[in-house]
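Structural features, examined
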Amino acid sequence: AWGIVGEGLTEEDARALAKALIEAGVPCAVGAQSALATLPEVEEASAFDELPLDPVLIAAAALTITQTTTTKLRAGPGTGHNIASAAVMMATGLPIKVGGRKRAVEKEVRTDRLVFYADLLYTSPARRIRIAASGFDFSCLGARMLFQAQANLKVLLGDLVSASPEAVLNHGTRVLLEGRPIRTMGYASLGDLEREERWLLTLRRSRR
């Protein structure tokens with residue numbers, strides 16, 4: 001559940017759920033709904049100079065985007081029809097086509113594309129700045145800039161983590177920086193990333 005198992009529960013239901021989780025070996029806590037952190041509106045960043053220093057949370061995620069395109073093809077007689085036409089020609093001497101004329105056929109093509117995002121969250125004032133790796137200018141990396149958005153994001157996040165050692169890192173950032181398989185991130189949508197961010201900010205606030 002990306003950290004937040006339930007919201008809007010009665011205290012009785014929340015404590016019963018917590019008891020079941022603890023008995024199953026899953027540490028958890030119960031708190032008021034108002035104790036859950038909220039997220040500022042997203043600000044899109046396209047270059048390094050748009051990123052303030054000292055984020056309190058660095059959160060990355062990889063998502064699989066499926067795109068469907070429709071193309072129109074001209075479909076004519078198949079191989080079987082062509083053989084039949086040739087047989088008729090040999091038998092009768094007449095150029096009779098079997099299978100009809102060409103016709104327009106629509107074909108759907110599905111392609112999967114892996115996209116990477118990183119959210120940088122700040123306090124005082126509260127801000128959430130998002131990097132969409134495919135549209136970000138990584139020229140700030142200089143000679144370290146590579147030819148792949150994923151690799152460039154990894155280098156950039158490494159720099160941000162080094163410059164902000166107190167920042168909380170989410171699961172996706174750790175997977176990326178540690179070089180683990182991207183499929184182990186497990187995010188199905190940006191909603192998953194945002195839910196995890198709320199959880200981590202709540203933990204950070206409660207520990208402070």
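We now turn to the structure provided with this report. (Residues numbered from 1 in each chain as written. Predicted model: local features only at pLDDT ≥ 70, side-chain atom pairs only at ≥ 80, totals over all residues. Heavy atoms only, no water.)

1. As for the packing of aromatic side chains
Spelled out, the test is: Classification of ring pairs rests on two measures: the distance between centres of Phe, Tyr or Trp rings, Trp counted by its six-membered ring, which must be within 6.5 Å, and the angle between planes, read as stacked under 30 degrees, edge-to-face over 60 and tilted in between. A run of H or I in DSSP becomes a helix once it reaches four residues, and a run of E becomes a strand once it reaches two; helices and strands are each numbered from the N terminus. Each residue gets one of three labels from its accessible area relative to the maximum for its type: buried under 20%, exposed over 50%, partly exposed in between, using a 1.4 Å probe on protein chains only.
For the structure shown, the criterion picks out 2 aromatic pairs. Ring centres 4.2 Å apart and planes at 10 degrees place the aromatic pair Trp2 and Tyr187 in the stacked group. Note that Trp2 is positioned in the segment before α1 (11-23) and Tyr187 in the loop between α4 (171-178) and α5 (190-207), a separation of 185 residues in sequence. For Trp2, a relative accessible area of 22% puts it in the partly exposed group. Given the relative accessible area of 7%, Tyr187 is considered buried.

2. Examining the side chain of Asn152
Let me state the cut-off plainly: Contacts are residue-level and defined by heavy atoms, with any inter-residue pair within 4.5 Å sufficient.
By the element assignment, Asn152 lies in helix α3 (residues 149-163). On the basis of relative accessibility, which here comes to 5%, the residue Asn152 falls in the buried class. Those residues in contact with Asn152, other than ones at most four positions away along the chain, are Phe138, Leu141, Arg144, Met145 and Leu146.

3. Considering the nonpolar core
Our working rule: What we call a nonpolar core is a set of buried Ala, Val, Leu, Ile, Met, Phe, Trp, Tyr and Cys residues that are connected through their side-chain atoms within 4.5 Å.
With 37 residues, the main nonpolar core has Leu51, Ile131, Leu153 and Leu157 as its most contacted residues. Every element with two or more residues in this core is listed here: β2 (57-75), β3 (103-122), β4 (127-132), α3, α4 and α5. Top contributing element to this core by residue count: β2, with 7 residues. Leaving out residues up to four positions away in the same chain, Ile131 has contacts with Ala45, Leu51, Phe116, Tyr117, Ala118, Leu120, Phe136, Leu153 and Leu156.

4. Brief notes about the environment of Leu193
As for its position among the elements, Leu193 is in helix α5. Placed 74 residues apart in sequence, Leu193 and Asp119 show a C-alpha to C-alpha distance of 8.9 Å. Sequence-distant contacts of Leu193, that is, excluding residues within four places in its chain, are made with Ala59, Ala60, Ala61, Asp119, Asn170 and Tyr187.

5. Concerning the packing of α3 against α4
Selection criterion: Note on method: axes are straight lines fitted to C-alpha atoms, helices fitted across the in-contact stretch only, with angles between N-to-C directions ranging 0 to 180 degrees. Angular relationships are summarised with four words: roughly parallel below 35 degrees, roughly antiparallel beyond 145, roughly perpendicular across 65 to 115, and oblique for the angles in between. Nonpolar residues are Ala, Val, Leu, Ile, Met, Phe, Trp, Tyr, Cys and Pro. Charged residues are Asp, Glu, Lys and Arg, and all others, Gly as well, are polar.
Closest axis-to-axis distance for the α3/α4 pair is 10 Å, and the angle between their directions is 110 degrees. It follows from the interaxial angle that α3 and α4 lie roughly perpendicular. Listed contacts from α4 to Gln150, Leu153, Lys154, Leu157, Gly158 and Val161 of α3 are Thr173, Leu176 and Leu177. Of the residues assigned to the contact of α3 with α4, the class counts are 5 nonpolar, 3 polar and 1 charged.

6. A short note on the side chain of Glu197
With respect to the secondary-structure elements, Glu197 resides in helix α5. Residue classification places Glu197 among the buried positions, given a relative accessible area of 0%. Not counting residues up to four positions away in its chain, the partners in contact with Glu197 are Leu39, Leu57, Ala59, Asp119, Leu121 and Arg128.

In short, the description is geometric, and any link to function would need to be established separately.
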